[in-house]
Amino acid sequence: MGRSQHLFRALWRALSKEVKEHVGTDQFGNKYYYIPEYRNWRGQTIREKRIVEAANKREVDYEVGTIPTEWEAWIKRTRKTPPTMEEILKNETYREEIKIKGKDFDEKGKLLGTESSEELLAPPVETQIKGHASAPYFGKEEPSVAPTSTGKTFQPGSWMPQDGKRHTQ
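Only a predicted model underlies this, so the values are computations on that prediction, with no experimental measurement involved. (Residues numbered from 1 in each chain as written. Predicted model: local features only at pLDDT ≥ 70, side-chain atom pairs only at ≥ 80, totals over all residues. Heavy atoms only, no water.)

Within soluble globular proteins, side chains that are nonpolar tend to cluster in buried spots. Core analysis: the biggest nonpolar cluster contains five residues, these being Tyr32, Ile67, Trp71, Trp74 and Ile88. Once you skip the residues sitting within four places of it in the chain, isoleucine 88 turns out to touch Gln27, Glu70, Trp71 and Pro83. (Core = buried A, V, L, I, M, F, W, Y, C linked by side-chain atoms within 4.5 Å. Buried < 20%, exposed > 50% of the residue type's maximum accessible area, 1.4 Å probe, protein only. Contact = heavy atoms within 4.5 Å.)

Taken in spatial order, the three strands make up an open sheet running 1-2-5, and their pairing is antiparallel. A strand with exactly one partner marks an edge of an open sheet, and here the two such strands are strand 1 (21-25) and strand 5 (49-53). Direction aside, the axes of adjacent strands within the sheet are offset by 25 degrees on average. Bridge count for strand 2 (residues 31-35) against strand 5 is five bridges, and the pairing is antiparallel. Residue isoleucine 35 lies in a different strand from strand 5, and its bridge partner there is lysine 49. (Pairing = 2+ DSSP bridges. Helix = DSSP H or I, 4+ residues; strand = E, 2+ residues; numbered from the N terminus. Axes fitted to C-alpha atoms, helices over the stretch in contact; angles between N-to-C directions.)

If the charged atoms of two oppositely charged side chains come close together, the side chains can form a pair. The tally for this structure, following the rule as stated, stands at eight salt bridges. Among the salt bridges present, the one from glutamate 48 reaches arginine 77, with a minimum N-O distance of 3.4 Å. Taken together, the residues glutamate 48 in the loop between strand 4 (45-46) and strand 5 and arginine 77 in the loop between helix 2 (69-75) and helix 3 (85-112) connect sequence positions 29 residues apart. Classification of glutamate 48 as partly exposed rests on a relative accessible area of 23%. Among the ionic pairs, glutamate 96 bridges to lysine 99, the shortest N-O distance being 3.9 Å. Taken together, the positions of glutamate 96 and lysine 99, both in helix 3 and three residues apart, correspond to about one turn of that helix. (Salt bridge = Lys/Arg side-chain N within 4 Å of Asp/Glu carboxyl O.)

What follows covers unusual backbone geometry. If a residue is not glycine, its phi is most likely negative; likewise, a peptide bond is most likely trans. Although it is not a glycine, arginine 77 adopts a positive phi angle of roughly 65 degrees. What makes arginine 77 partly exposed here is its relative accessible area of 33%.

Here the focus is the packing of aromatic side chains. For the structure shown, the criterion picks out two aromatic pairs. With centroids separated by 4.0 Å and ring planes inclined at 5 degrees, the aromatic side chains of tyrosine 32 and tryptophan 71 adopt a geometry described as stacked. Of this pair, tyrosine 32 sits in strand 2 while tryptophan 71 sits in helix 2, and the two are 39 residues apart along the sequence. No difference in accessibility class separates tyrosine 32 from tryptophan 71, as the two residues are buried. Seen from their ring centres, tryptophan 71 and tryptophan 74 are 5.7 Å apart, and the 90 degrees between their planes marks the pair as edge-to-face. (Phe/Tyr/Trp six-rings, centres within 6.5 Å; stacked < 30°, edge-to-face > 60°.)

Here you go:
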């Protein structure tokens with residue numbers, strides 16, 4: 001940041017009643033600030049701000065992961081209170097443990113992976129397709145030409161036109 005830009009920001013903060021409150025610093029040297037809601041000189045209400053001053057001032061030096069996830073959650077307002085250093089270190093060790101467990105799991109999977117996956121899978125079931133699900137006789141026997149009757153369940157035979165010939169009487 002240039003010297004004139006730094007001077008302009010300091011002058012702007014003095015005129016706008018913007019008070020920057022230092023909240024914390026992470027292990028990478030990034031500084032985090034909180035600016036409470038305030039009214040500017042024109043009477044407008046300016047909502048609260050949460051900002052970070054990166055240790056590497058140039059944008060080209062910024063890499064993903066240079067801000068811890070706990071601080072990123074605070075900046076994005078998904079958490080109300082800023083994280084403590086103990087919390088960040090505890091979460092970092094937990095992430096390392098998860099990475100180690102993941103590597104162990106992959107190694108065990110490779111050792112057990114000598115068996116072919118075909119042995120572990122059930123054989124495919126052979127299905128016999130009859131008709132279409134929208135047909136009225138789906139899942140039942142196909143209708144026959146001859147009528148059938150077994151007491152109460154009388155089924156008339158199906159009518160099929162003959163070879164396109166018309167019968168005239």
